[in-house]
Amino acid sequence: MRGAVEERPIRDAGCSGMARAIRFNRDVRGFKEVRGGGVAGMKDVARLAGVSVGTVSNVLNRPDVVSEERRLHVQRAIEQLGYVPNDAARQLKAGVSRTVGLVVVDTQNPFYGSIALAAEGAVEERGLGLFVANSHLRHSKELFYLSQFEQQRARGVLVTPTTPDLARHREIMRRGTRVVLVDAIEPEGDFCTVAADDFHGGYLAIKHLIERGSRSISLIGGPSQLRQLGRRHAGAMQAASEVRGVSLDYIAPPEMSILAGRAAAEEIVDAGRELPDAIFAMNDLLAIGVLQALVMNRHIDVPGDVALVGYDDIDFCANAVVPITSVRQPSAEMGRRAIEMLEKEILAQADHEHQAVVLKPELVIRESTAGGE
């Protein structure tokens, strides 16, 4: 039959390398004629390579148990046929995929980008892939992506919760999908968590401003459901309470963006009161917006007239028109530690105890506050 592919062992005694290459290419052409250009399967790879289907499977999943010669034959057949492994079928059989999900509240914030980048590096080291989703601070969207990752049999999910409601997260855990909370503290101990000490971060920011002589300080926060902001505010209040004569004024814009920071700063300037000595913006995007409004729009000197502290220490802070003092969160460490904890969760026995990791932030002082010291 024209185009038929002959079954034979790999080792062709007395056959030169050139002859084997000619025969292999002839077999490929014949295979494609018989298949009519259809999608190649694992059996087709095995037939062309002259090995069993089990050997092809081992090359794809456990190449270390296959001899180099057989591995090369199979890989060559895969390349020639354009075979693509059916990962959906493999994960259906295994009950779990080779992907990890990450759900964050704002992918436009470089802080979460840094977490994602570190997590991606950690999963790559384990031969896995990372898929990132953005909840946009909407609880319904967070739950949607959790459900999608569960349906896709993700190996596990890292998530920054948008609200304290973690009922669905617990359900997913009970059904077998591991969940680790990132940039979150969960007091009930039902999850492994990794977060920075936001109380300490807020304390550091206000303590620094007080030490440079600031007494009237405006705080710019964000959406009330973000518990990180509540802890930063509490830390700021603690620092203020330790020194007589310090007043804090709090503004909570609906989002934490550059535009929101700009609008908040304009509101402070237009309030008809004396300018505050300093502003503590509870993330760096807000701080950048504040800096734009004060320096570029209103020609107010930073730090001469108003000192400024941000939070997260994203790369833009060091390169702003006035480099911004910021509370640095160990975002990369958070991403790596989250993957490590997820791996332990996946391998955990019944006696596994959830771990709560709290990392210390640090203050990075730059020109936006240095002028008053």
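Residues numbered from 1 in each chain as written. Predicted model: local features only at pLDDT ≥ 70, side-chain atom pairs only at ≥ 80, totals over all residues. Heavy atoms only, no water.

**Things to note about the side chain of Thr160**
Mapped onto the elements, Thr160 comes out in the loop between β3 (156-159) and α8 (167-174). Engagement of the side chain of Thr160 in a polar contact is seen with the backbone oxygen of Val182, the distance being 3.0 Å. Residues in contact with Thr160, not counting those within four places in the same chain, are Val103, Val104, Val105, Tyr112, Glu142, Val182, Asp183 and Gln228. (Helix = DSSP H or I, 4+ residues; strand = E, 2+ residues; numbered from the N terminus. Polar contact = N/O pair within 3.5 Å; in protein donor to acceptor, adjacent residues only side chain to side chain. Contact = heavy atoms within 4.5 Å.)

**Overview of the environment of Pro110**
Relative to the elements of secondary structure, Pro110 occurs in helix α6 (residues 110-125). The spacing of Pro110 and Ser331 is 221 residues in sequence and 9.8 Å in space, taken between C-alpha atoms. Among residues more than four places away in sequence, those in contact with Pro110 are Leu285, Ile314 and Phe316.

**Points about empty space enclosed by the protein**
The full count for this structure, using the stated rule, is one cavity of 30 Å³ or more. What the largest cavity holds in volume is close to 70 Å³. Taken together, 13 residues make up the lining of the largest cavity; nearest its centre are Pro161, Asp183, Ala184, Arg227 and Gln228. (1 Å grid on protein atoms, 1.4 Å probe; cavity = no way out; pocket = protein on both sides within 12 Å on 5 of 7 lines; lining within 4 Å. Points joined across faces, edges and corners; volume = space filled by probe spheres on them.)

**Re the layout of surface pockets**
By volume, the largest pocket is sized at about 410 Å³. What lines the largest pocket is a set of 22 residues, and nearest its centre among them are Asp106, Asn109, Leu137, Met256 and Asn283. Mapped onto the lining of the largest pocket, the elements with two or more residues apiece are α6 and α10 (227-241). Sorting elements by how many residues they give to the lining of the largest pocket places α10 first, with three residues. For the lining of the largest pocket, a count of residues per class yields 10 nonpolar, seven polar and five charged. (Nonpolar A, V, L, I, M, F, W, Y, C, P; charged D, E, K, R; others polar.)

**Examining the nonpolar core**
If you look at the biggest cluster of nonpolar residues, it comprises 72 residues, and the most contacted ones within it are Leu158, Ile206, Phe280 and Leu294. It is helix α12 (residues 284-297) that provides the largest number of residues to this core, a total of eight residues. What Leu294 contacts, discounting residues up to four positions off in sequence, is Ala265, Val269, Ile279, His299, Ile300, Val302 and Val306. Listed in part, the 15 residues of the second largest apolar core include Val159, Leu166, Ile172 and Leu181. (Core = buried A, V, L, I, M, F, W, Y, C linked by side-chain atoms within 4.5 Å. Buried < 20%, exposed > 50% of the residue type's maximum accessible area, 1.4 Å probe, protein only.)

**Remarks on unusual backbone geometry**
Between Val302 and the following residue, Pro303, the backbone shows a cis peptide bond with an omega angle of 15°. Considering the arrangement of structural elements, one finds Pro303 in the loop between α12 and β9 (307-312). Non-glycine residue Asp312 carries a positive phi angle of around 120°. As for its position among the elements, Asp312 is in strand β9.

**Observations concerning the pattern of salt bridges**
On inspection of all chains with the given rule, the structure shows 20 salt bridges. Across the pair Asp198 and Arg232 runs a salt bridge whose closest N-O atoms are separated by 2.8 Å. With Asp198 in helix α9 (residues 198-211) and Arg232 in helix α10, this residue pair connects regions lying 34 residues apart in the sequence. A relative accessible area of 1% places Asp198 in the buried class. One salt bridge connects Arg366 with Asp313, and the closest N-O pair in it is separated by 2.8 Å. In this pair, Arg366 sits in the loop between β12 (362-364) and α15 (367-370) while Asp313 sits in the loop between β9 and α13 (315-318), placing the two residues 53 residues apart along the sequence. There is no split in this pair, since Arg366 and Asp313 are both buried. Overlapping salt bridges, with partners in common, bring together Arg170, Glu186, Glu188 and Asp190 in one network. (Salt bridge = Lys/Arg side-chain N within 4 Å of Asp/Glu carboxyl O.)

**Side note on α12**
Helix length check: α12, at 14 residues, gives a terminal C-alpha distance of 19 Å against a target of 20 Å (1.5 Å per residue), a fit within 8%. With 10 of its 14 residues buried, α12 lies for the most part within the structure. The backbone nitrogen of Leu285 lies 3.1 Å from a side-chain oxygen of the residue at the head of α12, namely Asn283. Downstream of α12 by a residue or two, His299 has a phi angle that is positive, lying close to 55°. (Expected span 1.5 Å × (residues − 1).)

**Topic: the sheet that holds strand β10 (residues 325-328)**
Reading across from one edge, β7-β6-β8-β9-β10-β12 is the order of the six strands in this open sheet, with mixed pairing throughout. The strands lining the two open edges of the sheet, one partner per strand, are β7 (247-251) and β12. Strand-to-strand twist in this sheet, taken as the mean axis angle between neighbours without regard to direction, amounts to 20°. Here strand β8 (residues 278-281) pairs with β9 via three bridges, running parallel. Counterpart to Ile279 in the pairing with β9 is Leu308. (Pairing = 2+ DSSP bridges. Axes fitted to C-alpha atoms, helices over the stretch in contact; angles between N-to-C directions.)

**Remarks on the packing of aromatic side chains**
All told, the structure shown has three aromatic pairs when counted by the stated rule. Geometrically, the ring pair formed by Phe111 and Tyr112 is edge-to-face, given 4.9 Å between the ring centres and 65° between the ring planes. When its relative accessible area of 8% is taken as the criterion, Tyr112 is described as buried. Above the ring of Tyr311, the side-chain terminus of Arg232 is found at 3.9 Å from the ring centroid. (Phe/Tyr/Trp six-rings, centres within 6.5 Å; stacked < 30°, edge-to-face > 60°. Lys NZ or Arg CZ within 6 Å of the ring centre and 35° of its normal.)

**Topic: the sheet that holds strand β11 (residues 356-359)**
With respect to topology, six strands assemble into an open sheet ordered β2-β1-β3-β4-β5-β11, the strand pairing being parallel. The strands lining the two open edges of the sheet, one partner per strand, are β2 (129-134) and β11. Ignoring which end each strand starts from, the neighbouring axes of this sheet average 15° apart. By the bridge criterion, four bridges tie β3 to strand β4 (residues 178-182) in an arrangement that is parallel.

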